[in-house]
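What follows is the residue order along each chain.
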Amino acid sequence: MRFPKISRSLRQLTSHVLAIALGVVLMVSTLQVLPSQAEPAPTVTVDTSKLIVQRQSPATAAISSTSFVTAAVNRVGTAVVRIDTERTITRRVDPFSEDPFFRRFFGDGFSQQMPPEQQLRGLGSGFIIDKSGLVMTNAHVVDKADKVTVRLKDGRTFEGKVQGIDEVTDLAVVKINAGNDLPVAPLGSSSNVQVGDWAIAVGNPLGFDNTVTLGIVSTLKRSSAQVGISDKRLDFIQTDAAINPGNSGGPLLNGQGEVIGINTAIRPDAMGIGFAIPIDKAKAIAAQLQRDGKVAHPYLGVQMLTLTPDLAKQNNTDPNSPIQIPEINGVFVMRVVPNSPAASAGIRRGDVILQVDGKAITSAEQLQNVVEDSRLGQVLQVKVQRGNQTQQLSIRTAELQNAS
C-alpha cells in the first residue's frame, strides 16, 4: 500500500522540478535576445566636422523646381506677338452675268451672289527683336496684306508697317510705334543647336493665343528642296514640336529660352514634323530688310536634279528615255530658264555640272548654296559634262527677280 503513494510523490516532485527548470531557461533566453531592455543604450559621439553634405542630383532638382519650359517661356513670352492681316481682292466681273439673255435663265440674283470684292483675313505670329518696335515674322504671313495689326500679350494692339519682305527666305520685318520700352526676345545661335536638343514652339496656332508646345530638334539642315518648296533657299531646323497654321513667324526656343529659329508651317500633310528657319540666317536677312527693304539673291537660272550613277543607270536602261545621261555624280540640268545667266553662258538641258570654281559639286543643294553665297555679278567657273566631253563655262550671276 505504501509503494503507490511513494510513486505518486515522486511524479509530483519531478513535475515541479521540470517547471522550475523551464522557467529558468526562458528567462535566460529573454535576457540574451533583448539586451536593450536590460541594459542602457550605448552613447554615440558624432564628429560634425567630418560630415559630408550630399548634393541634390540634377534629376531631383528638376522634379522639385519649376519646369525649365516655364522658365524659358517666361523669359520670352511677353515679346511674342499675334499678327492679324486683312487683304481685299477684286474679282473680275463676268461679262455673261450682265448679259440680259444670261440673266433670263439664271435670274438677277446670280450676279449679286458673287461680290466684286472679297476681304481675306490671315493670322500669324511674330516676336519683337528690338525695343524700338521691330517685329520678325514670316513673309507669307504679311505678304500682299493691306492692313497689319500687331497684338501684344498684354492686350495692346498697334498698326504694323511692313518694312521689308524676302520671299526667297520667307522672312519679313514689321515696325510698330509703341514707344521704346518693349520686351525683346533674347536671340540665341542656331549654329550651336544639336539634334536631340529641346525645342519649344510659342505662338498662336489656329487662333489659340499664347500656345506653347514642346519637342526636340529632330534633324538639322533639312533643305527646302527636300521639304518640297523648291522656290525657297533654306536649310531648316526640323522639330517634332507641334507647329500649325498660326504658329508661322513665332519663335522656336531652346531650353534656356533663347530664340534658335522661326517657326514655319509649310507642310499641311506633315504629322508630327515642323520646320523652323535658323535664327542665324534670320539675323542676317533682318539687317538687310531694315536697311534696304529687300534682299538681293544671285541666281544662275537652271532647274536641277542631284545625279548619281544609279539614277543615271535607271534612266539609261529605260527604252523610253529620251536622253542618255552620264553615269556619274553631279547636278543634272533639267531646264535652262530663257534669258538667264546660265542661258547666256551656254548651259544646255542635259548638261551635268561637275565643279564650280574648282570645287566638286555632288548635289543640287550644294550648288544652290554656292550660288547663294556668291556676290551679284560674280563670274563662276563651271565645269560641265556634255555627252562624253567636258567643257569649262563662265557664268556671271544676276539678281533673282521673282522667287517663283
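Overview of the structure. (Residues numbered from 1 in each chain as written. Predicted model: local features only at pLDDT ≥ 70, side-chain atom pairs only at ≥ 80, totals over all residues. Heavy atoms only, no water.)

**Things to note about the overall build of the chain**
When helices and strands are tallied, the chain shows 11 helices and 20 strands. Accessible area of the chain: about 24200 Å², with a carbon and sulfur share of 53%. (Helix = DSSP H or I, 4+ residues; strand = E, 2+ residues; numbered from the N terminus. Areas by Shrake-Rupley, 256 points an atom, 1.4 Å probe, with all protein chains shown as cover.)

**Side note on the pattern of salt bridges**
For the coordinates displayed, the defined rule picks out 10 salt bridges. For the salt bridge of D143 with K144, the shortest nitrogen-to-oxygen distance reads 3.2 Å. By relative accessible area, D143 is classed as partly exposed at 27%. The residue D292 makes a salt bridge to R291 at a minimum N-O spacing of 3.4 Å. Owing to a relative accessible area of 48%, D292 belongs among the partly exposed residues under this scheme. (Salt bridge = Lys/Arg side-chain N within 4 Å of Asp/Glu carboxyl O. Buried < 20%, exposed > 50% of the residue type's maximum accessible area, 1.4 Å probe, protein only.)

**Focus: the nonpolar core**
One recurring pattern in soluble globular proteins: nonpolar side chains tend to sit buried together. Formed by 45 residues in total, the largest nonpolar core has its most connected members in I83, F127, M136, V150 and I262. Judged by nonpolar contacts, the second largest core, of 18 residues, contains A342, V371, V382 and L393. (Core = buried A, V, L, I, M, F, W, Y, C linked by side-chain atoms within 4.5 Å.)

**Quick look at the sheet that holds strand 6 (residues 171-175)**
As summarised here, the arrangement of the 6 strands in space is 1-2-3-6-5-4, forming a closed barrel in which the pairing is antiparallel. Averaged over all pairs of adjacent strands, the angle between their axes in this sheet comes to 40°, without regard to strand direction. Note: strand 3 (residues 134-138) against strand 6, 5 bridges, orientation antiparallel. Residue pairing for strand 6: T137 is matched across the bridge by A172. Strands in contact with helix 8 (residues 279-292) are strand 2 (117-130), strand 3, strand 5 (157-166) and strand 6; relative to strand 6, the strand with the most contacts, it is inclined by about 55°. (Pairing = 2+ DSSP bridges. Axes fitted to C-alpha atoms, helices over the stretch in contact; angles between N-to-C directions. Contact = heavy atoms within 4.5 Å.)

**What to know about the pairing of strand 3**
Buried residues dominate strand 3, accounting for 5 of its 5 residues. Here strand 2 pairs with strand 3 via 3 bridges, running antiparallel. For D130, the partnering residue across the bridge sits in strand 3 and is L134. Taking the residues between adjacent antiparallel strands as the criterion, strand 2 and strand 3 are bridged by 3 residues, where G133 takes a positive phi near 110°.

**What to know about the environment of I323**
Note on placement: I323 falls in the loop between helix 9 (309-316) and strand 15 (330-336). Residue classification places I323 among the partly exposed residues on the basis of a relative accessible area of 25%. When near neighbours in sequence (up to four residues on either side) are disregarded, I323 contacts N315, N316 and G350.

**Observations regarding the packing of aromatic side chains**
Per the stated rule, a full pass over the model turns up 2 aromatic pairs. On the basis of an interplanar angle of 45° and a centroid distance of 5.1 Å, the ring pair of F68 and W198 is categorised as tilted. Pair noted here: F68 is in helix 3 (residues 68-76) and W198 is in strand 7 (residues 198-203), with a separation of 130 residues, a long-range link. Here F68 falls in the partly exposed class, since its relative accessible area comes to 32%. (Phe/Tyr/Trp six-rings, centres within 6.5 Å; stacked < 30°, edge-to-face > 60°.)

**Remarks on the sheet that holds strand 9 (residues 235-239)**
Ordered by their spatial adjacency, 6 strands build a closed barrel running 7-8-9-12-11-10, and the pairing between neighbours is antiparallel. Between one strand and the next, the sheet's axes are offset by a mean angle of 45°, whatever the strand orientation. Strands strand 7, strand 8 (211-223), strand 10 (251-253) and strand 11 (259-264) of the sheet are contacted by helix 3, whose axis makes an angle of about 45° with strand 7.

**Considerations on unusual backbone geometry**
The phi torsion at K144 lies on the positive side, around 65°, for a residue other than glycine. As for its placement among the helices and strands, K144 is situated in the loop between helix 6 (139-142) and strand 4 (147-151). Backbone geometry places N339, a non-glycine residue, at a positive phi of 60°. As for its placement among the helices and strands, N339 is situated in the loop between strand 15 and helix 10 (341-345).

**A short note on the environment of T78**
Positionally, T78 belongs in the loop between helix 3 and strand 1 (80-90). Linking T78 and N210, residues 132 residues apart in sequence, is a C-alpha distance of 9.5 Å. Excluding anything up to four places from it in sequence, T78 contacts K153 and P183.

**Overview of the layout of surface pockets**
Picture a little ball the size of a water molecule; that probe, rolled over the atoms, points out where space is still empty. Space inside the largest pocket adds up to approximately 860 Å³. Lining the largest pocket are 33 residues, with S230, D231, V302, Q303 and Q368 positioned closest to its centre. A total of 6 residues in the lining of the largest pocket trace back to one element, the largest contributor, which is helix 11 (residues 364-372). Residue classes in the lining of the largest pocket are distributed as 16 nonpolar, 11 polar and 6 charged. Its volume calculated, the second largest pocket comes out at about 530 Å³. Contributing to the lining of the second largest pocket are 25 residues, with L234, D235, P278, K281 and N369 lying nearest its centre. (1 Å grid on protein atoms, 1.4 Å probe; cavity = no way out; pocket = protein on both sides within 12 Å on 5 of 7 lines; lining within 4 Å. Points joined across faces, edges and corners; volume = space filled by probe spheres on them. Nonpolar A, V, L, I, M, F, W, Y, C, P; charged D, E, K, R; others polar.)

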